[in-house]
Amino acid sequence: MREIKKDKLQVNIYAGRPELGAAAAETLTARIAELLMTKEQVNIIFASAPSQNEFLAELLKKDIQWGKINAFHMDEYIGLHPDAPQGFGNFLKDRLFSHVTCRTVNYLNGNTDPQEECKRYSDLLTKYPTDIVCLGIGENTHLAFNDPHVADFNDPLIVKVVDLDQDCRVQQVNDGCFSTIDEVPTHALTITMPALFKSTYAIAIVPGKFKANAIHHTINSEISEKYPSTILRRHDNAILFIDEDSASKL
């Protein structure tokens, strides 16, 4: 493992996805244990993407007090069939939440009134302030579904409706989630940039060759909404876990 640092962001580079996933899971486990020394509950937001597969699999091997965790997921398509495997809530249910018993698991619903759902989920996030966010970075450097054209570092909202840009929708095909871009929904619900950023800890898990450009910009470009993930360099307790593939353009 190699380490670099840019501004406040710690960057750990691993040989491959298995090593990366194991290390990120170990870090999350340690953060949960640390927080539970002074808190009765820990509130965690989880990302849903194939980039998280190894990390989530490793979490299932850990001795974690899941019964003290309030879990959230960070974004969801609007209008996708409730049982579709591409649904982000379904992704996390399949890989994590059906295997552990959390205190609560809170899902975004993309098949109800979008504005009412934004209000409902925003109220939950206000009730359970985020301790840890586990996130990926998109090929266009988005965090959650905050694509560059809708990302706002000073967003007054906690959850909002967004339209997905072309690069974001192409990524869903590259990830193998959809066969063609025409199948990818055009709109989604997402937790906003400030709501993600206010977490006490941020753990970013970003392996793979398709993420090399995004990692290059995350670390080297000016901090701005043009490359939303650059904001991680201002977080007081963020760690970026990448592999040699995603680090190849550094």
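See above for the structure.
Sequence positions are assigned chain by chain, starting from 1 and proceeding in written order. Reporting in this predicted model follows two pLDDT cut-offs: at least 70 for local features of residues, and 80 or more for side-chain atom pairs to be given and counted; totals over whole chains, interfaces and linings ignore these cut-offs and use all residues. Processing note: side-chain calculations cover all non-hydrogen atoms of the structure and skip hydrogens and water entirely.

**Details of the nonpolar core**
Then, in step 1: Among the nonpolar cores identified, the biggest contains 39 residues, and M74, I191 and L240 are the most heavily contacted of them.
Then, in step 2: Counting residues per element, the ones that place at least two in this core are β2 (9-14), α4 (114-127), β7 (132-135), β9 (187-191), α6 (193-197), β10 (201-206), α7 (212-220) and β11 (238-243).
Then, in step 3: With four residues, α4 is the largest single contributor of residues to this core.
Then, in step 4: When residues no more than four places from it in sequence are discounted, the contact partners of M74 are I45, F46, A47, L108, V133, C134, L135, A144, L189, T190, I191 and L196.
Then, in step 5: Counting 32 residues, the second-largest nonpolar core is a separate cluster that includes L20, F55, Y201 and I203. Nonpolar core, defined: a set of buried Ala, Val, Leu, Ile, Met, Phe, Trp, Tyr and Cys residues in which side-chain atoms within 4.5 Å join the residues together. Per-residue accessibility, obtained with a 1.4 Å probe over protein chains only, is compared with the maximum for each type, and a residue is labelled buried under 20%, exposed over 50%, and partly exposed between these values. Secondary structure elements are taken from DSSP: a helix is a run of H or I of four residues or more, a strand is a run of E of two residues or more, and numbering for both begins at the N terminus. Any two residues having at least one pair of non-hydrogen atoms within 4.5 Å are treated as being in contact.

**Quick notes on the pattern of salt bridges**
Then, in step 1: Put simply, a salt bridge is a Lys or Arg side-chain nitrogen that is within 4 Å of an Asp or Glu carboxyl oxygen. Counted according to the given criterion, the structure contains eleven salt bridges.
Then, in step 2: Taking the shortest distance from any N to any O, the salt bridge between D7 and R233 comes out at 2.8 Å. Here D7 is found in the loop between β1 (2-6) and β2, whereas its partner R233 is found in the loop between α7 and β11, with 226 residues between them in sequence.
Then, in step 3: Its relative accessible area of 47% is what places D7 among the partly exposed residues.

**What about the packing of aromatic side chains?**
Then, in step 1: Ring pairs are drawn from Phe, Tyr and Trp, using the six-membered ring of Trp, whenever the two centres fall within 6.5 Å, and their geometry is named by plane angle: stacked under 30 degrees, edge-to-face over 60, tilted for the rest. Here the structure, examined in full by the defined rule, presents nine aromatic pairs.
Then, in step 2: Taking the centre distance of 5.7 Å and the plane angle of 85° together, the rings of Y77 and F178 count as edge-to-face. With Y77 in strand β5 (residues 75-77) and F178 in the loop between α5 (166-174) and β9, the pair connects residues that are 101 residues apart, well separated along the chain. There is no split in this pair, since Y77 and F178 are both buried.
Then, in step 3: Between F88 and F145 the ring centres are 5.6 Å apart and the planes differ by 40°, which places this aromatic pair in the tilted class. Separated by 57 residues along the polypeptide, F88 in helix α3 (residues 88-97) and F145 in the loop between β7 and β8 (159-163) bring together distant segments of the chain.
Then, in step 4: On the basis of relative accessible area, F145 is assigned to the buried category, the value being 2%.
Then, in step 5: Counting every residue linked through ring pairs, the aromatic cluster contains Y77, F88, F145 and F178.
Then, in step 6: When the ring centre of Y107 is taken as origin, the NZ or CZ atom of K93, which lies over that ring, is 5.2 Å away. Here, a charge over a ring means that NZ of Lys or CZ of Arg falls within 6 Å of the ring centre while also lying within 35 degrees of the ring normal.

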